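One-letter residues, chain by chain:
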Amino acid sequence: TVSGRAKSFKSWAAIDLGMSVASGTDWLGFKTRHGKAVYVNFELGLKTLRSRINMIANAKKIELEPLKGWFVPLTINTGGLFSAAQEEDSEVMFTIRVIDQIKRGLAKAAIKNPAMVILDSFYNMVGQLNENSASDVAAVYWLVRKLATDLNCMVVLIHHFAKGSPADQMQRSE
């Protein structure tokens, strides 16, 4: 899990990580192993996402054409899933539906055997669950671990810190 405050460049770092794995280049001074990397985007507009990919590629001097099929940005719109999930008798149904959409997106893009799937970001996967509740978060993490097992790959989860001080957050979650 990569966590940080809003606007702390988590998505930038995640895209950079995915492109580094896909190209087999170093990431922040660490060696990577070349493999397919999927960046699952729940937040950015397509124009913004493309712009960031191009800026990172230029900064790293990575050609994008050879990365086709190796670095795959996959945008998932979770908006329509919420009402459908509410009809089900399960608090984690929203997350189950999101993960199903991810698997469908991978199949549609013909992505097999990814080395890494990056999920940006956690709050887009929880629906009405309380991201400050240990039991709610445990259920979502169990589903994310199942995704990693099903795909036989590493899953990186991007998570925003809640706004306010840590003491405020503790008081709100009690």
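Preceding this section is the structure that the text describes.
Residues numbered from 1 in each chain as written. Predicted model: local features only at pLDDT ≥ 70, side-chain atom pairs only at ≥ 80, totals over all residues. Heavy atoms only, no water.

Comments concerning the pairing of strand E4 (residues 116-120)
Alright, step 1. Burial analysis of E4 places 5 of its 5 residues in the buried class, the great majority of the element.
Alright, step 2. Residues Met-116, Ile-118 and Asp-120 of E4 are buried on one face, and the alternating residues Val-117 and Leu-119, pointing to the opposite face, are buried as well.
Alright, step 3. Here 5 bridges tie strand E2 (residues 37-41) to E4, and the two strands are oriented parallel to one another. Bridge pairing in E4 places Asn-41 opposite Asp-120.
Alright, step 4. Bridge count between E4 and strand E5 (residues 154-160): 5 bridges; the pairing is parallel. In the sheet register, Leu-119 faces E5, and the bridge partner there is Leu-157.
Alright, step 5. Note on the crossover from E4 through helix H5 (residues 134-151) to E5: the handedness is right-handed. (Buried < 20%, exposed > 50% of the residue type's maximum accessible area, 1.4 Å probe, protein only. Helix = DSSP H or I, 4+ residues; strand = E, 2+ residues; numbered from the N terminus. Pairing = 2+ DSSP bridges. Right-handed = clockwise from strand over helix to strand, strands pointing away.)

Some details on the layout of surface pockets
Alright, step 1. By volume, the second largest pocket is sized at about 280 Å³.
Alright, step 2. Contributing to the lining of the second largest pocket are Leu-46, Leu-49, Arg-50, Ile-53, Asn-54, Leu-64, Leu-67, Lys-68, Phe-71, Pro-73, Leu-74 and Thr-75.
Alright, step 3. Counting residues per element, the ones that place at least two in the lining of the second largest pocket are helix H2 (46-60) and strand E3 (71-75).
Alright, step 4. In terms of residues, the lining of the second largest pocket owes the most to one element, H2, which gives 5 residues. (1 Å grid on protein atoms, 1.4 Å probe; cavity = no way out; pocket = protein on both sides within 12 Å on 5 of 7 lines; lining within 4 Å. Points joined across faces, edges and corners; volume = space filled by probe spheres on them.)

A look at the sheet that holds E4
Alright, step 1. Read from one edge to the other, the open sheet built from 5 strands follows the order E1-E5-E4-E2-E3, with strand pairing classed as parallel. Looking at which strands have only one partner, the edges of the open sheet turn out to be strand E1 (2-4) and E3. Within the sheet, the average angular offset between the axes of one strand and its neighbour, ignoring direction, is 15°.
Alright, step 2. Inspection of the sheet shows E2 paired to E3 by 5 bridges, in the parallel sense. Residue pairing in the sheet places Ala-37 in a bridge with Phe-71 of E3.
Alright, step 3. Across the sheet, helix H4 (residues 93-108) is in contact with E2, E3 and E4; its angle to E3 comes to roughly 135°. (Axes fitted to C-alpha atoms, helices over the stretch in contact; angles between N-to-C directions. Contact = heavy atoms within 4.5 Å.)

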